[in-house]
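# Commentary on secondary and tertiary structure
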Amino acid sequence: MFQTFMERSGKRKDHRSGRCLRNKPEGLDITLKNRQVEQAFKQAGCWTFCKKLQGGHEQVTKKFALNFTGLNSKVGMLELQVPPNIISTVTEIPRRQESWFKNFKFDMTPCKEFLKQEFINSDLNKSVPRSYVKESYAHFLTCIQKYLTCEGRYNKVYSYHFKLLLHFIGKTSIDLPFYLFRNLRKMCDKVQLRKEACETSLFHNGLVKLIVLHELQRVGRD
């Protein structure tokens, strides 16, 4: 169904550099098969979402981003609703208490537990090298960077990674559908600024695909 729709919406073009720095996860990656990570993602309600990520299409994501207006978008003639409650529905991630995004300030003190002893006094308001983080949290960080922040480079850890890590170990309760909504909005803002030269700003292809499929099913279209 989505294959037919995206073929009508435009053929995919390779980025001129031959690669895209943004990560595009598909299904349950090997990094999710760590027992602790699996339990944490299931507890947070993210396991099904990760399983549902089965490909996407950059041209559909691009059209989605260029037509995004805040809570709505459009791909072809298909009108899309994109508030956090719809994202919760399509991802099957439950809404939680704290509406938080990466530029929101928070108490960094609990994040010290993620650092190796020799780096415990590092300034977490700045990025820190991945090597500063305890090995026991390495798989968690990789999965967060692949499935939620969609980054393709893992050598640096930022404050928002630590905040999300607190969520997955049960130390805070973040509204992840709200986070994903804000992340989509940030992507769309960047794409709308860059227009045609925006390929490296495109990500969350799988999430956009889920939103499109949800609306196609809702209106009874193939």
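Residues numbered from 1 in each chain as written. Predicted model: local features only at pLDDT ≥ 70, side-chain atom pairs only at ≥ 80, totals over all residues. Heavy atoms only, no water.

Before going further, it helps to spend a moment on the state of the cysteines. Tallied over the entire structure, the rule returns zero disulfides. With no disulfide of its own, Cys46 has Cys50 as its nearest cysteine by sulfur position, at a separation of 6.1 Å. (Disulfide = S-S within 2.5 Å.)

Bringing the pairing of strand 2 (residues 78-81) into the picture now. Burial of strand 2 is one-sided: the residues Leu78 and Leu80 facing one way are buried, the residues Glu79 and Gln81 facing the other way are not. The pairing of strand 1 (residues 72-75) with strand 2 spans four bridges and is classified as antiparallel. Among the inter-strand pairings, Ser73 is bridged to a residue of strand 2, identified as Leu80. Hairpin geometry of strand 1 and strand 2 is characterised by an intervening segment of two residues between the two adjacent antiparallel strands and by a positive phi of about 65° at Gly76. (Buried < 20%, exposed > 50% of the residue type's maximum accessible area, 1.4 Å probe, protein only. Helix = DSSP H or I, 4+ residues; strand = E, 2+ residues; numbered from the N terminus. Pairing = 2+ DSSP bridges.)

One pass over the structure, following the stated rule, counts ten aromatic pairs. Geometrically, the ring pair formed by Phe64 and Phe68 is tilted, given 6.1 Å between the ring centres and 35° between the ring planes. No difference in accessibility class separates Phe64 from Phe68, as the two residues are buried. Sitting above the plane of the Trp47 ring, Lys42 keeps its charged end 5.2 Å from the centroid. Sitting over the face of the ring of Tyr160, Lys102 holds its NZ or CZ atom 4.3 Å from the ring centroid. (Phe/Tyr/Trp six-rings, centres within 6.5 Å; stacked < 30°, edge-to-face > 60°. Lys NZ or Arg CZ within 6 Å of the ring centre and 35° of its normal.)

On to the confidence of the model for the protein chain, then. Put simply, the protein chain has an average pLDDT of 87, and 90% of its residues get 70 or more. Across the protein chain, the secondary-structure element scoring lowest on mean pLDDT is helix 1 (residues 2-9), at 50, and the one scoring highest is helix 5 (residues 84-91), at 97. This model gives residues 9-20 a pLDDT under 50, and the stretch forms 18 contacts once residues within four places in sequence are excluded. (pLDDT = per-residue confidence, 0-100. Contact = heavy atoms within 4.5 Å.)

For helix 7 (residues 159-168), the tally of buried residues reaches ten of ten residues, placing the bulk of the element in the interior. Those residues of helix 7 that fall on the buried side of the exposure criterion are Ser159, Tyr160, His161, Phe162, Lys163, Leu164, Leu165, Leu166, His167 and Phe168. Looking at the buried residues of helix 7, the elements they touch are helix 2 (35-43), strand 3 (128-129), helix 6 (138-147), strand 4 (156-157) and helix 8 (176-194). After helix 7 finishes, the residue Gly170 shows a positive phi value of roughly 85°.

What follows deals with the nonpolar core. With 65 residues, the main nonpolar core has Phe41, Phe49, Phe64, Phe162, Phe168 and Leu184 as its most contacted residues. Among the elements that line this core, the one with the most residues is helix 8, at eight residues. If near-sequence neighbours (up to four positions away) are discounted, Leu184 is found in contact with Phe64, Val82, Ile87, His204, Leu207, Val208 and Ile211. (Core = buried A, V, L, I, M, F, W, Y, C linked by side-chain atoms within 4.5 Å.)

This part covers the environment of Phe101. Considering the arrangement of structural elements, one finds Phe101 in the loop between helix 5 and strand 3. Note on Phe101: relative accessible area 4%, which makes it buried. C-alpha of Phe101 to C-alpha of Leu164: the two residues are 63 residues apart in sequence and 9.6 Å apart in space. With near-sequence residues (within four places) excluded, Phe101 lies in contact with Phe178, Tyr179, Arg182, Asn183 and Lys186.

End to end, helix 8 covers 27 Å across 19 residues, agreeing with the expected 27 Å (1.5 Å per residue, within 8%). Within the span of helix 8, buried status applies to Leu176, Pro177, Phe178, Tyr179, Leu180, Phe181, Arg182, Asn183, Leu184, Met187, Cys188 and Val191. Here the buried face of helix 8 lies against helix 3 (47-52), helix 4 (58-66), helix 5, helix 7 and helix 9 (205-218). Positioned one or two residues after helix 8, Lys195 has a phi angle of 55°, which is positive. (Expected span 1.5 Å × (residues − 1).)

With that settled, consider the packing of helix 5 against helix 8. At a closest axis distance of 8 Å, the pairing of helix 5 and helix 8 adopts a crossing angle of 110°. One finds that helix 5 runs roughly perpendicular with respect to helix 8. Taken as a pair, helix 5 and helix 8 cross one another with a handedness that is right-handed. Residues Pro84, Ile87, Ser88 and Thr91 of helix 5 lie in contact with helix 8, whose contacting residues are Pro177, Phe178, Leu180, Phe181 and Leu184. Residue classes in the contact of helix 5 with helix 8 are distributed as seven nonpolar, two polar and no charged. (Axes fitted to C-alpha atoms, helices over the stretch in contact; angles between N-to-C directions. Parallel < 35°, antiparallel > 145°, perpendicular 65-115°, else oblique. Left-handed = near helix turned anticlockwise from the far one by under 90°. Nonpolar A, V, L, I, M, F, W, Y, C, P; charged D, E, K, R; others polar.)

Inspection of the secondary structure puts Thr61 in helix 4. For Thr61, a relative accessible area of 1% corresponds to the buried category. The contacts of Thr61, once residues within four sequence positions are left out, are Met187, Leu202, Phe203, Asn205 and Val208.

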